[in-house]
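A structural walkthrough
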Amino acid sequence: MLRSKGLRTSWVAGLWVAVAGPGCRAQGGASPDDRPAAEAPVVEAPAPAEPTPPEPVVDAWWSSGAVVYGVYPPLFGDEPLRGVTARLDELDALGVDALWLSPVMQTTDPDDFGYAVTDYLRVRPDYGTEADLRTLVDEAHARDMKVILDFVPNHTSVEHPWFSDPRHHDWYVRDEQGQHQHYFDWAHLPNLDYAHPEVAPTMRAAFEHWMRVHDVDGFRVDAAWGMRQRNPEVWPQLLDDLRNVDPNLWLLAEASAHDDYYVRSGFDAAYDWTEEIGRWSWDGLFEDLDTIGPRLDLVLNAGATPPHRVARFLNNNDTGERFITRHGPETTRVAATMLLTLPGIPVLYTGDEVGAEYLPYDVSKPIAWDDPHALRPHYEKLADLRERLPGLAGPGWTPVQTDRPSTYAYLRHRADGSDPALVVLEFGEDGGPVVLTFEQTPGELERRASLVDALGETTVVPQWLSSRELRLEMPPSSARILLPRPQPASSSSSSRPRWADVELPALAASLRQLFG
């Protein structure tokens, strides 16, 4: 049960705002499908008709091999924000392009994960100070990393001052008896009514505060699906308003990518969920590795959102036990290879790179950053290849048929089919020969006497059965990224080349030649 919250008011964009609000996670963090039926009424009224959404936003920095890293600050140290800042060099060397911070807004409950916000405009003091957050953002930007904040506009807490203030009674969705409406068993999280003319401008002002004051680069929008159900006309206008402030703002909808409404309405990406709210598309696939290939093929070819605009993950704050705990380090290596070679935006989560094992909503102390399974070099290599290989960074993706149900394979390539990279994933514990059949001849890979495994840094000799068929030997629980020829190595084994590292010295040399 949430503790009593204090009240503070503030002027934002000309509106009186009692800056308080929560997140959508009940204490303990069960995913929506695990929660019991709600004891109070839930929203059951049919959603209003949808408007015609705008065209998709233009792809930006995240469309060229970017890797997002979910950060739960308390796991980084006893001074959470400073702890994250202290590890930025390690995250940079890992290949991270953007940090997604769990909610940093103020809460009066020190045990809360961050979704029970009591002040939309202040940093929670148990994480650090306003200056600590700004230092984190500045230091991340100095390393070419973006900073994304978690934001919760769908609902507030029943302890939010608005909820008990008669002036804001109509800011909430209510039934004919005046009882507030909510989702699942979230009786303490009443839904905001975006049909009220003051709600959207107030939330827009709160979004803009973090953009203007702390220079954040985007938002992961919690429970975006809720507002889509109740008021689908809101998102296109609200997101357009935010992009008028920052055209490069990155926006991730916590909602299913099976519905392309979100990218059509201005979001850059949506979650790799099924059509059921909160259910991971890959849920259950790894329970039977001997038949995983055909089932993966069905899942990855479903959904209306373009594949390169799907946020994919093995772990996040809502997935409970870590993937490595449930499936072991060997399967984790193969699954991580898939995560970082599929089209879309791969989202790692705190400690994935060292095989950390914990429950996000139950962990009470910083994690150890040792790496007992030597996973970090694997993740570093994958992130480096994703950035360097044009085929992996591009949107092109073509599944490849295999004759082993424990094997899954696909071609990654540019939109025009050039620069192909053949990804072969063997999830089975036995391994063995596998025959791959391409829909069309595989371009530059066709009939090559040898292929380069960019992941294992070895040469592989395939047996070509025809111009569209080849046989490979796959070791147990293994992965290959096969190229027609060697690729130039990264300029540094510990850090990816940055624009400032590469372009500015070259420019300086040119100027010295020009001006003597």
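Attention in this report is confined to the structure presented alongside it. Treat the numbers as computed from the prediction; the structure is a model and nothing was measured.

1. Observations regarding the sheet that holds strand E14 (residues 407-413)
On the basis of which strands lie adjacent, the open sheet formed by 9 strands has the order E18-E17-E21-E15-E14-E13-E16-E20-E19 and antiparallel pairing. Looking at the sheet topology across the chains shown, the edges are occupied by strand E18 (458-460) and strand E19 (463-466). Within this sheet the neighbouring strands show an average axis-to-axis angle of 30°, counted without direction. One ladder, built from 2 bridges, connects strand E13 (residues 396-402) with strand E16 (residues 432-437); its direction is antiparallel. Opposite Thr402, over in E16, you have Leu436 as the bridge partner. Where helix H10 (residues 323-339) meets the sheet, it contacts E14, strand E15 (421-426) and strand E21 (478-483), and its direction lies at approximately 150° from that of E15.

2. A short note on the packing of H10 against helix H11 (residues 376-388)
Where H10 meets H11, the axes come as close as 10 Å, and the angle between the chain directions of the two elements is 20°. Our classification of the angle between H10 and H11 gives roughly parallel. As H10 runs across H11, the sense of the crossing is right-handed. Of the residues in H11, those in contact with Thr332, Arg333, Ala336, Thr337 and Leu339 of H10 are His378, Tyr379, Leu382 and Arg386. Residues that form the contact of H10 with H11 fall into these classes: 4 nonpolar, 3 polar and 2 charged.

3. Some points on helix H7 (residues 234-245)
The end-to-end C-alpha separation of H7 is 17 Å, in line with the 16 Å expected for 12 residues at 1.5 Å each. Among all positions of H7, only Val234, Trp235, Pro236, Leu238, Leu239, Asp241, Leu242 and Arg243 are buried. Each element contacted by the buried residues of H7 is listed here: helix H5 (199-214), strand E8 (218-221), helix H6 (224-230), strand E9 (250-256) and helix H8 (261-264).

4. A word on the environment of Ala200
Within the element layout of this structure, Ala200 appears in helix H5. Separated by 34 residues in the primary sequence, Ala200 and Val234 have C-alpha atoms spaced 7.8 Å apart. Beyond its immediate stretch of four places on either side in the chain, Ala200 contacts Tyr194 and Leu238.

5. A closer look at the environment of Trp162
Mapped onto the secondary structure, Trp162 falls in helix H4 (residues 161-164). On the accessibility criterion, Trp162 (1% relative accessible area) is buried. Placed 10 residues apart in sequence, Trp162 and Tyr172 show a C-alpha to C-alpha distance of 9.1 Å.

6. Let's talk about the pattern of salt bridges
Going through the model one piece at a time under the given rule, you end up with 27 salt bridges. For Asp89, the salt bridge goes to Arg143, with nearest N and O atoms at 2.7 Å. Of this pair, Asp89 sits in helix H2 (residues 88-94) while Arg143 sits in the loop between helix H3 (130-142) and strand E7 (146-151), and the two are 54 residues apart along the sequence. With a closest N to O distance of 3.1 Å, Glu276 and Arg279 form a salt bridge. Connected through salt bridges with shared partners, the residues Asp150, Arg220, Asp222 and Glu254 form a single ionic network.

Scoring rules and cut-offs
- Residues numbered from 1 in each chain as written.
- Predicted model: local features only at pLDDT ≥ 70, side-chain atom pairs only at ≥ 80, totals over all residues.
- Heavy atoms only, no water.
- Pairing = 2+ DSSP bridges.
- Helix = DSSP H or I, 4+ residues; strand = E, 2+ residues; numbered from the N terminus.
- Axes fitted to C-alpha atoms, helices over the stretch in contact; angles between N-to-C directions.
- Contact = heavy atoms within 4.5 Å.
- Parallel < 35°, antiparallel > 145°, perpendicular 65-115°, else oblique.
- Left-handed = near helix turned anticlockwise from the far one by under 90°.
- Nonpolar A, V, L, I, M, F, W, Y, C, P; charged D, E, K, R; others polar.
- Expected span 1.5 Å × (residues − 1).
- Buried < 20%, exposed > 50% of the residue type's maximum accessible area, 1.4 Å probe, protein only.
- Salt bridge = Lys/Arg side-chain N within 4 Å of Asp/Glu carboxyl O.

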